[in-house]
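Topology and contacts: notes
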Amino acid sequence: MSKKPKPKTVRNGFTPESDSRVRAIVEAVVDGIITIDSQGVIETFNPAAERIFGYDEEEVIGCNVHMLMPSPFREHHDDYLNNYLQTGKAQIIGIGREVLGQRKDGSLFPLDLAVTEMQVEGRRMFTGVVRDISERKASELALQDREARVRAIVDTVVDGIITIDGKGLIDTFNPAAERIFGYAASDVIGSNVSVLMPEPYHSEHDGYLAKFMHTGVAKVIGIGREVTGRRKNGSTFPMELAVSEMTVDGRRMFTGVVRDITERKRMERQKDEFIATVSHELRTPLTAIGGALGLVLGKHGGELPEVVHKMLKVAYRNCDRLTLLINDILEIEKLESGSLKFELEDQDLTTLIQRSLEDHKEFAGKYQVDLHFANPLPKSCVHVDERRIHQVMSNLISNAVKYSPRGGQVDVAISCLKSKLRVHVKDQGKGIPEEFQCRVFDRFSQADSSDTRAQGGTGLGLSIAKAIVEQHGGEIGFTSKANKGTEFFFDLPVRLTPKPLKTSPHPCALVCEMDKDLADLLAKAVQAEGLCCDVASDAASAVRLLSENSYCLLVVDSTMTDDGGFTFLRSLRHVDPASQLPLVAIAEDNYHSEADSRLEIDGVAPLAWLSSTHPKLNEFRAILHRVLLKQTRPSILHVEDDPDLVQIARSVLEEIADIHQAGALEQARRMLQEKSYDLVLLDLELPDGSGAELVDEINTDETPVVIFSSYPATPQLSSKVQATLTKTVADNAKLRMTVRNLLSTQDQAGDFATEANMLPAADVNGLTDSARSAAAGDASQDGH
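This one's a predicted model, so the numbers in the text were calculated from it and none came from an experiment. (Residues numbered from 1 in each chain as written. Predicted model: local features only at pLDDT ≥ 70, side-chain atom pairs only at ≥ 80, totals over all residues. Heavy atoms only, no water.)

Structural notes on the overall build of the protein chain
How we decide: Going along the chain from the N terminus, every DSSP run of H or I of four or more residues is numbered as a helix, and every run of E of two or more is numbered as a strand. Here a residue-residue contact requires only that any non-hydrogen atoms of the pair lie within 4.5 Å. Working definition of accessibility: Shrake-Rupley area with a 1.4 Å probe, residue cover restricted to the visible protein chains.
A tally of helices and strands in the protein chain yields 26 helices and 29 strands. Summarising the internal contacts of the protein chain: among those between residues at least 6 apart in sequence, 60% fall at separations of at least 24. Carbon and sulfur atoms provide 52% of the accessible area of the protein chain, an area that totals close to 41400 Å².

Now the structure itself:
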């Protein structure tokens, strides 16, 4: 008979096996578990509690639990426990809370404490479960600190910060926004943000926001722009607005950062007014001074005593330097503010460079430096402002020449770099000091202050060149080695599908002269009057050029053939292109045309004769004026209130036209009603208004208008007139050339049917329209 199994001992509901299991759990759990009796004496202390408090179990068993508490909780614990035992009123027991614990080393830490009461063998016992929450509290404190910092930033930042929900309702409104708009936060929170906008934005905002929420197409969100805000008092003001989207608790929200730019706009207006004042108040007298000195030196320089002549040249040179400085300062301000307008067209870069080199030949000759174009490219189309790129080239070439040794060479080249063309300008100078290279493009920068005196310049040229190149989407840079020279380069985007390049018809003269020095002298005189000029050094070249081109004037050496007579001169009267052209003949000093019967027989009737050894250039210039303007003396209305400038302009233009002056807007209106003028020379700043008002009152197709002012003409205004010249930028020659060419173009347009040889037939239909850009060469681009 088998024995019955012995029943398991059960104590307090636990068998020995389950008791072992519970103990294993208590010893493995991460939370500290401590049991105390009704006197607060510790009876059990699990391993987790040992880790948390730093005590071994033997050190705490039998001790009062308040040893694990800091003051003042330690002193009050026994009273609290007795009070609970007597009244049953609990503060922690059965509730749980965050309290402070004290480790064996005396350090304090936050802990979660949950206390429960139990009965063990008839005794009241308490179990405390403790969890060290130091890391959690540290994270919470860090988060609170971050939130406090963010709140402090939001509350103290000078920019207004406004958050709205997907319906446009204001959720937050920081103190800066309160100051900017004049509303308290409590006034606007919950209101539609359109309350901060004037019309028409006030009415349009909800529709715009709904469209963005539906389509994602943004006008402001994620972009930022200048807008107009509306204050509580109804006044409006300019502000910058940047809006970004965010998600908060699953809700789409928007944050707007606003900055009141009223003061900045005021400063910008003041700067613009200052620049305009400087432009007018400095440029006007400088133009008068430079013009007067130029006239005296040009017309009467040879009659002056040598000492006086030298002093006037010093004055003229320094006036020129001051003019250059003022122009550069004003120009770089406009470049940096973005107010300088660029007129971009397709241009052949090789042609632009060749023209720049040609323009600087004489300058380079003064320094005994050769200019060399290494590798012209047959196809080098770029989309640029021609005048501005000439300005960049002028700066780089003139710098290279000035810093090259005498007898040196400046090499200019073009290279291809994928989608860009690079222009190189290399000199043979001493190089740029290494310590200065980081400041090359800074304003007023020159490697040595003595450079300003030795080489001239304002120290602004490279800064301006950099700004111009960057405005074209290009880059500029340089390489330099001591005693091996410097190479500047700039890149321009290639125009991959070029449009037909723009060409401009210019009146052109043909000089037929064997003597190179005399030919060069006459060619320069022709070019100074705004004409292009071809030179033929022998009869064959002259005939070829006449067959290929159209000319308005022939200048011919009567002894060009070797028979010592007038064979070539007479033969030209039987060459169809040349038979009707105005003619200036060159002869030796002892020749008397009035006694030469051959002239009448062959129909050779030159307008004038020039001496081959002592040509009178003043007479030659007068002939050029007569040729270009025919026999009719034009009449010009000069609208200008500065008497000095009126006198200068009269002296510059009196050889080609009669000058009539109006000193005010209303006077000019009356004069235009009473009389027709061939051209109007117009200042924009007049005592009783803006000269721009006159432009819309003048039929500029019949009466050309040239703006000649210190104030820059707007692109819209420039498009209505034939040319714009800026005082101090345009010298006497530029003024005379521009006016004379416009008068000539008008005359050619009127007389073209009978003077068909004056311009190529291909230019007839476009003559009136092209006059705006062609008549004055680059003059129409001269305004700032």
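Once you've had a look at it, read on.
Let's talk about the pairing of strand 2 (residues 42–45)
Under the convention used in this document: A pair of strands is treated as paired once DSSP finds two or more bridges between them.
Sheet analysis places strand 1 (residues 32–37) next to strand 2, joined by three bridges and oriented antiparallel. Its bridge partner being in strand 2, Thr35 is matched across the sheet by Thr44.

Points about the side chain of Thr163
Quick note on the threshold: For every residue, the accessible area (1.4 Å probe, protein chains only) is compared with the maximum for its type, and the residue is labelled buried under 20%, exposed over 50%, or partly exposed between those bounds. Any N or O atom pair separated by 3.5 Å or less is treated as a polar contact, with the protein-specific requirement of one donor-capable and one acceptor-capable atom, and with residues adjacent in sequence counted only for side-chain atom pairs.
Among the structural elements, Thr163 can be located in strand 6 (residues 160–165). For Thr163, a relative accessible area of 9% gives the class buried. In terms of polar contacts, Thr163 uses its side chain to reach the side chain of Thr172, at 2.5 Å. Thr163 has contacts with Leu169, Ile170, Asp171, Thr172, Met246, Phe254 and Thr255, leaving out every residue within four places of it along the chain.

Re the packing of aromatic side chains
Threshold: Two rings from Phe, Tyr or Trp (for Trp, the six-membered ring) form a pair when their centres are within 6.5 Å of each other. A pair whose planes differ by under 30 degrees is stacked, one over 60 is edge-to-face, and the rest are tilted.
For the structure on display, the rule yields ten aromatic pairs. Aromatic pair Phe53 and Phe109: ring centres 5.5 Å apart, planes at 65°, arrangement edge-to-face. Of this pair, Phe53 sits in helix 2 (residues 47–53) while Phe109 sits in strand 4 (residues 108–120), and the two are 56 residues apart along the sequence. Both residues of the pair, Phe53 and Phe109, count as buried. Put simply, the rings of Phe45, Phe53 and Phe109 touch in pairs and so form one group of aromatic residues.

Topic: the sheet that holds strand 22 (residues 608–611)
Just so we agree on the cut-off: Only the contacting stretch of a helix is used when fitting its axis, a line to C-alpha atoms as for every element, and angles between N-to-C directions run 0 to 180 degrees.
Here five strands make up an open sheet; going across it, the order is 19-18-20-21-22 and the pairing parallel. Two strands lie at the open edges of the sheet, namely strand 19 (532–536) and strand 22, each paired on one side alone. Here the average twist between neighbouring strands, direction ignored, is 20°. One ladder, built from five bridges, connects strand 18 (residues 508–512) with strand 19; its direction is parallel. By the bridge assignment for strand 19, Cys512 is matched with Ala536. Helix-sheet contacts for helix 16 (residues 516–528) involve strand 18, strand 19, strand 20 (553–557), strand 21 (583–587) and strand 22, and the interaxial angle to strand 19 is about 165°. Across the face of the sheet, helix 17 (residues 539–548) comes into contact with strand 18, strand 19 and strand 20 while running at roughly 145° to strand 19.

Description of the nonpolar core
Convention followed: For this analysis, a nonpolar core means a set of buried residues of the types Ala, Val, Leu, Ile, Met, Phe, Trp, Tyr and Cys, connected via side-chain atoms within 4.5 Å.
Leu349, Ile353, Met393, Val412, Val440, Phe488 and Phe490 are the most contacted members of the largest nonpolar core, which totals 42 residues. Top element by residues in this core is helix 13 (residues 386–402). It accounts for seven residues. Ignoring sequence-local partners within four residues, the contact set of Phe488 consists of Leu396, Val423, His424, Val425, Ile432, Val440, Phe441, Leu462, Gly477 and Phe478.

Here we look at helix 16
The line we're drawing: To estimate the expected span of a helix, subtract one from its residue number and multiply by 1.5 Å. Note that the arc is defined by the directions from the helix axis to the C-beta atoms.
Taking 1.5 Å per residue, 13 residues should reach 18 Å; helix 16 reaches 18 Å between its end C-alpha atoms and fits that length. Taken as a whole, helix 16 has its buried residues at Leu518, Ala519, Leu522, Ala523, Ala525 and Val526. For helix 16, the angular spread of buried residues about the axis comes to 160°, placing them on one side. Along helix 16, the residues that are exposed and aim more than 90 degrees away from the buried face are Lys516 and Asp517. Two or three places before Asp517, at the start of helix 16, stands the capping residue Asp515, its side-chain oxygen 3.1 Å from that residue's backbone nitrogen.

A few points about the pattern of salt bridges
The criterion, for reference: Any carboxyl oxygen of Asp or Glu that lies within 4 Å of a side-chain nitrogen of Lys or Arg is treated as forming a salt bridge with it.
For the structure on display, the rule yields 32 salt bridges. Arg252 is the salt-bridge partner of Glu245, the closest N and O atoms lying 2.6 Å from each other. Salt bridges linked by common partners bring Glu98, Asp112, Arg136, Lys137 and Glu140 together as one network.

Side note on a positive patch on the surface
Operational definition: Exposure above 30% relative accessible area and the absence of a salt bridge qualify a residue for a patch, where like charges join within 9 Å and nonpolar side chains (Val, Leu, Ile, Met, Phe, Trp, Tyr) within 5 Å. Note that His is not counted, nor are the chain ends; the positive residues are Lys and Arg, and the negative ones are Asp and Glu. By convention, the charge on Lys lies at NZ, on Arg at CZ, on Asp at CG and on Glu at CD.
On the surface, Lys313, Arg317, Arg321 and Lys366 cluster together into a patch of positive charge. The element contributing the most residues to the positive patch is helix 10 (residues 306–337), with three residues. With respect to the helices and strands, the residue Arg317 is situated in helix 10. Since its relative accessible area comes to 48%, Arg317 is described here as partly exposed.

Remarks on the sheet that holds strand 12 (residues 370–373)
A sheet is described by the order of its strands in space; here five strands give the open sequence 12-14-15-17-16, paired in mixed fashion. Across the chains shown, the open sheet's two edge strands, defined by having one partner strand only, are strand 12 and strand 16 (475–481). Between one strand and the next, the sheet's axes are offset by a mean angle of 20°, whatever the strand orientation. Pairing of strand 12 with strand 14 (residues 409–417) involves four bridges; the strand directions are parallel.

Section: the confidence of the model for the protein chain
Selection criterion: The quantity known as pLDDT measures the predictor's confidence residue by residue, on a range of 0 to 100.
Overall, the prediction assigns the protein chain a mean pLDDT of 79, with 83% of residues at 70 or greater. With pLDDT under 50 throughout, residues 749–784 is counted as low confidence; its partners more than four residues away or in other chains account for 81 contacts.

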